[in-house]
Structures are given as structure tokens and as C-alpha cells.
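Spelled out, the chains give:
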Amino acid sequence: MAAYDQMPDMDSEEFKRWQSLLEERTGVWLSENRKSFLITNLAQRMREKGFDSYQAYFESLDRSVGSAVEWASLVDLLTVHETRFFRDNESIELVKKHVEKMIKNASKSDSAQPLNAQVWSVGCSTGEEVYSLAMMLSDLDTSKLERTKKFYFGLTGVDISFPALAQAREGIYHQRRLMHVSPVLIEKYFDSLADGYYQVKNQLRHRTCFVQANIQELESSPKQLYDVIYCQNVLIYFQNNRRQQIVEQLVNRLAPGGLLVLGPGELNNLSHPLIEKVSTKHCQAYLRAGG
Ligand SMILES: C[S@@+](CC[C@H](N)C(=O)[O-])C[C@H]1O[C@@H](n2cnc3c(N)ncnc32)[C@H](O)[C@@H]1O
């Protein structure tokens, strides 16, 4: 059985094989300076599975029975899930203004149709981003809408990691993770559990849906349109050519007039005929024409 301190060194050819495998399957690019991250996490999994050679483990991921299940566990270890509630307030404020505008437009329209705002969080990790947006949407003032006109919203979180999604669906967080959530919001949207844990209330969880998908394979996924697409701290782990391809797929899923919000370093120089840059101080946002 392999122990971490007994792990063999990884030569550059071996590193390149793992680097290519991860990029091919997830899009995530491990630069040379993340070799120790790779070794640490491989060691953990190889120890659990009883492998002591990188090559034997690598080959098992290709051929063995259950290799898809094993890959799902490994990918969780090799991707970064760091996230927090209200991680980027400027971006959340931008989404708020956008949906407020949708409410204002709906209040002026003659249509009796309910207003339904759909938000997509791409690379949602353990759910904090989705629930932050959900709390903001739930707190919007809809009094301008006629009594007969209802406001609905829904949020879909997508991630490649099954364990992260399982946590997101449960919506249980230790109070340490709630340090950026105001006491008023905690009181309103969380139930207190034992041992310092809190769970997002059902009224909010029922507005959310968490789905496993690989954002490299969006082309073959259903073409549902979203009013807001929120993608932060995900593409920074990808090489530039892949970032561009994924953002094009995201733009194709923006409803007319929809808002795409990317993190500050997510993609430089995005130009696409269907979208126009929104002027903001720090985040990157684009509007699709035709609202
Ligand atoms: C650093 S977290 C960002 C979480 C959140 N968006 C935020 O900004 O706080 C990046 C997430 O992207 C997910 N991810 C990485 N590659 C992916 C892929 N190919 N398809 C879907 N999700 C992916 C990871 O599993 C991880 O949960």
C-alpha cells in the first residue's frame, strides 16, 4: 500500500501525461508549478486504492471496470472548489440591477404573463454562489408588478464534481462559512442545526437545481436560455483557446437581453457579434442584444 511520504518522484514525462489527461477530460490546465498539488492529491487517492505506481493508476483509469466512477472521485481532488458566500459583491449587484430592470419592464408591459428570471451558475462548486444570488433575488422589491403578475425565479448550478454538488443540494454550512452573510439574511434564509451548522431554508432550496455537467461538452447539452449566466473563478484554470470556446457556448445560451457575468480574469478581449460589454469597475459583464 502506498503512503504519501513513500510516493516516488514524478518525472516530467509522467507529469505531462497527467497534465494532458486532466486537460482533455476537464479543460483544467495544471501548470508545472502545480506539480506538488497533483502529487499530493494523487497520493491520497492511490493510497486509498492501493496503487504504488503512477503508471499503473493512470492505466487503471483508462481500462479497468469502474474507471468512470474512479475518475469522478479523482476529478474532485484535482479541481479547486474554493468558494464563499457573496464572493463578488459588485457582480451580485450587477445581477440585482439587471433583474430589477426586468421587473420594471414587466410592470410597464400589457402582458399578463408572469415574469420568470432564470439564472445559471457555471462552476457552482458547493453552492454558496447559487444561494447568494438566490437570497438577493428573493429580497427584490416586486411591489411595482401588478398584483396579478407574479415574479418567479430559478437558479441552476452546474459543476463537474459530484461531491461538491451533493453538498450544494443539501445546503448545509458551518457558521464559519457564513461570515459574509449578514445576521438578517441568516435569520431569514437559514435554519439553525446542531453543532454550529445551518441549512438553507426549503423556500430558497426549492428555487435551485444542481446538475452535473462538463462545461467542455456544452455543445451537446440542452439549449435552454438563461436571463443571467454567472461564471466566475472557473475559466481561470483553463487555457485561453478553451476559454474562448466555452464563453461562445455560454453566449449561445443567453436569452435575448440576457446578462453574462464573468470574473475579472476569466477571459481577456472577448468579442462576439451578439454581445456588448457592460461598463463596470471590476467585473466583466456583457449584455446580449434584443431585450
Ligand atoms: C474555484 S471553484 C469556483 C466556484 C464559484 N464559481 C466561485 O467563484 O466561488 C471552480 C469550480 O469549477 C468546477 N469545474 C472545473 N472544471 C469544470 C468543468 N470542466 N465542468 C464543470 N465544472 C468545472 C470545479 O469543480 C469547481 O467547483
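Quick caveat: nothing in here was measured; it's all calculated off a predicted structure.

1. Some words on the overall build of the chain
Part 1 of the argument: From N to C terminus, the chain includes 10 helices and 10 strands.
Part 2 of the argument: Taken over the C-alpha trace, the chain has a radius of gyration of 21 Å; the compact-globule value for 291 residues is 19 Å, and the two agree within 12%.
Part 3 of the argument: Projecting the C-alpha coordinates of the chain onto the three principal axes gives extents of approximately 70 × 50 × 35 Å.
Part 4 of the argument: Partitioning the intrachain contacts of the chain with sequence separation of at least 6 by distance along the chain shows that 72% fall at a separation of at least 24.
Part 5 of the argument: If the 34 positive side-chain charges of the chain are averaged to one point and the 36 negative ones to another, these points end up 7 Å apart.

2. Focus on the environment of T79
Part 1 of the argument: Tracing the chain through its elements places T79 in the loop between α4 (67-78) and α5 (89-108).
Part 2 of the argument: Among the residues examined, T79 registers a relative accessible area of 12% and is labelled buried.
Part 3 of the argument: Note: C-alpha distance between T79 and T142 (63 residues apart in sequence) is 39 Å.
Part 4 of the argument: Polar contacts involving the side chain of T79 include one to the main-chain carbonyl oxygen of V75, which spans 2.7 Å.
Part 5 of the argument: Looking at T79, its side chain comes within polar contact range of the side chain of H81, at 3.2 Å.

3. Some details on empty space enclosed by the protein
Part 1 of the argument: By the definition in use, this model includes 1 cavity of 30 Å³ or more.
Part 2 of the argument: Here the largest cavity defines a volume of roughly 60 Å³.
Part 3 of the argument: Together, R84, F85, F86, R87, D88, I92, E129, S132, L133, Y230, Q232 and N233 line the largest cavity.
Part 4 of the argument: With 3 residues, helix α6 (residues 128-138) is the single largest residue contributor to the lining of the largest cavity.
Part 5 of the argument: Classifying every residue of the lining of the largest cavity gives 5 nonpolar, 3 polar and 4 charged.

4. A closer look at the packing of aromatic side chains
Part 1 of the argument: Applying the stated rule across the entire model yields 9 aromatic pairs.
Part 2 of the argument: On the numbers, 5.2 Å between centres and 50° between planes, the contact of F51 with Y57 is tilted.
Part 3 of the argument: Under the relative-accessibility criterion, Y57 is labelled buried at 0%.
Part 4 of the argument: The aromatic ring of F153 is capped on one face by R207, whose charged end is 4.5 Å from the ring centroid.

5. Brief notes about the layout of surface pockets
Part 1 of the argument: Estimated volume of the largest pocket: approximately 530 Å³.
Part 2 of the argument: Along the walls of the largest pocket sit 22 residues, with H98, K101, M102, G257 and L287 positioned nearest its centre.
Part 3 of the argument: For the lining of the largest pocket, the elements supplying multiple residues, two or more each, are α5, β8 (254-262), β9 (275-278) and β10 (284-288).
Part 4 of the argument: No other element matches the 8 residues that α5 contributes to the lining of the largest pocket.
Part 5 of the argument: Across the lining of the largest pocket, the residue classes break down as 7 nonpolar, 8 polar and 7 charged.
Part 6 of the argument: Of the pockets and cavities examined, the second largest pocket occupies roughly 410 Å³.
Part 7 of the argument: Taken together, 24 residues line the second largest pocket, and the ones lying closest to its centre are V80, G123, D159, N233 and V234.
Part 8 of the argument: Among the residues making up the lining of the second largest pocket, the classes are represented as 11 nonpolar, 9 polar and 4 charged.

Calculation rules
Residues numbered from 1 in each chain as written. Predicted model: local features only at pLDDT ≥ 70, side-chain atom pairs only at ≥ 80, totals over all residues. Heavy atoms only, no water. Helix = DSSP H or I, 4+ residues; strand = E, 2+ residues; numbered from the N terminus. Rg over C-alpha atoms; globule rule 2.2 N^0.38 Å. Contact = heavy atoms within 4.5 Å. Lys, Arg positive; Asp, Glu negative; His and termini not counted. Charge placed at Lys NZ, Arg CZ, Asp CG, Glu CD. Buried < 20%, exposed > 50% of the residue type's maximum accessible area, 1.4 Å probe, protein only. Polar contact = N/O pair within 3.5 Å; in protein donor to acceptor, adjacent residues only side chain to side chain. 1 Å grid on protein atoms, 1.4 Å probe; cavity = no way out; pocket = protein on both sides within 12 Å on 5 of 7 lines; lining within 4 Å. Points joined across faces, edges and corners; volume = space filled by probe spheres on them. Nonpolar A, V, L, I, M, F, W, Y, C, P; charged D, E, K, R; others polar. Phe/Tyr/Trp six-rings, centres within 6.5 Å; stacked < 30°, edge-to-face > 60°. Lys NZ or Arg CZ within 6 Å of the ring centre and 35° of its normal.

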